Amino acid sequence: MTDSTQLVYAAIAGDEQAFEQLIMHESEKLYKMAYLHMQNKEDALDVVQEATFQAFLSIKQLKEPSFFNTWLVKILIHMAYKMLEKQKRTVQLPDETIQFILESNQSEEVAIDLSAALSNLNTDYRNCITLYYFYDLPIKTIANVLGKPPSTIKTHLRRAKIQLKSVLEEEYYAKRFI
């Protein structure tokens, strides 16, 4: 049994410090995911706070402790959608959002190109790409988190990659021949 699984069991048993440790371990990932949806720091922090509170209230309902991370991300995404629905605004990712998520070892030019390309994808495609490539979640987990069948997730990933490739190739050739 891993340390994080032991912490989850302790949190389910009512250990507030164990829950706090779990949240601290996941806080950066939660913030990035919230920022991806909300587009600004304040709203992202609100979503993380609300998701953490909801997770704390319902931790005893978690059936499989090994799926704590997936369960927590699912709560976060639902909170983000709920807040966006309240605000009645559409989700458009600015360039800074994806740059924030990208690994620091990539060149700035590549990050800008990728963030611009990702910002052109629809929300479903962007969510699938982010969860699959940036968080290394398996397709079944993404399907559970987003509430869609695995076949739909595979289709979204395939279509998103085709769109990204097309946009990035256009940008590459446009820069090269200017």
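Anything mentioned here points back to the structure above.
Here is a short report on the structure shown in this document. (Residues numbered from 1 in each chain as written. Predicted model: local features only at pLDDT ≥ 70, side-chain atom pairs only at ≥ 80, totals over all residues. Heavy atoms only, no water.)

### Some points on the overall build of the chain
Short version of the rule: In this text, helices come from DSSP runs of H or I with a minimum length of four residues, and strands from runs of E with a minimum of two, each type numbered from the N-terminal end. Each residue is assigned to one of three classes by its accessible area relative to the maximum for its type, calculated with a 1.4 Å probe on protein chains only: buried under 20%, partly exposed between the two thresholds, exposed over 50%. For this analysis, residues touch if any pair of their heavy atoms sits within 4.5 Å. Note that accessible areas follow from Shrake-Rupley with a 1.4 Å probe, and for residues the cover is restricted to the protein chains shown.
Helix and strand counts for the chain stand at nine helices and zero strands. Overall, the chain shows an N-to-C arrangement of helices and strands of α-α-α-α-α-α-α-α-α. For the chain, buried positions account for 43% of its 178 residues. Considering only intrachain contacts with a sequence separation of at least 6, the fraction spanning at least 24 residues in the chain is 64%. As displayed, the chain has an accessible area near 10,700 Å², and 52% of this comes from carbon and sulfur atoms.

### Observations regarding a nonpolar patch on the surface
Selection rule: Think of a patch as exposed residues, more than 30% relative accessible area, with no salt bridge, where like charges cluster within 9 Å and nonpolar side chains (Val, Leu, Ile, Met, Phe, Trp, Tyr) cluster within 5 Å. Criterion for a salt bridge: a side-chain nitrogen of Lys or Arg within 4 Å of a carboxyl oxygen of Asp or Glu.
Taken together, the side chains of F53, F56 and L57 present a nonpolar region at the surface, about 300 Å² in accessible area. If you trace the backbone, F53 turns up in helix α3 (residues 41-58).

### Examining helix α8 (residues 139-146)
For α8, the buried fraction is high: six of the eight residues fall into the buried class. When α8 is considered as a whole, its buried residues turn out to be I139, T141, I142, A143, V145 and L146. Where α8 ends, the next residue or the one after it, G147, has phi of about 70°, a positive value.

### Here's the deal with the packing of aromatic side chains
Stated formally: What counts as a ring pair is set by centres within 6.5 Å for rings of Phe, Tyr and Trp (its six-membered ring), and what kind of pair is set by the plane angle: stacked under 30 degrees, edge-to-face over 60, tilted for all other angles.
Counted according to the given criterion, the structure contains four aromatic pairs. Ring geometry for F19 against F56: centres 5.3 Å apart, planes inclined by 65°, an arrangement best described as edge-to-face. Of this pair, F19 sits in helix α2 (residues 16-38) while F56 is found in helix α3, placing the two residues 37 residues apart along the sequence. Each ring, one from Y132 and one from Y133, has its centre 4.8 Å from the other, and the planes form 85°; the classification is edge-to-face. Residue class for Y133 comes out partly exposed when judged on its relative accessible area of 40%.

### A closer look at the nonpolar core
The test is simple: To qualify as a nonpolar core, a set must consist of buried Ala, Val, Leu, Ile, Met, Phe, Trp, Tyr and Cys residues joined through side-chain atoms within 4.5 Å.
In this structure, V47, I59, F68, L76, L131, L146 and I153 are the most contacted members of the largest nonpolar core, which totals 51 residues. If you list the elements that add at least two residues to this core, you get α1 (3-12), α2, α3, α4 (68-87), α6 (108-119), α7 (123-134), α8 and α9 (150-176). In contact with F68, not counting residues within four places along its chain, are V8, F19, L22, I23, I59 and L62.

### Here we look at the environment of S58
Position of S58 among the secondary structure elements: in helix α3. For the pair S58 and I12, spaced 46 residues apart in the sequence, the C-alpha separation amounts to 9.0 Å. When neighbours within four sequence positions are excluded, S58 is seen to be in contact with W71 and I75.

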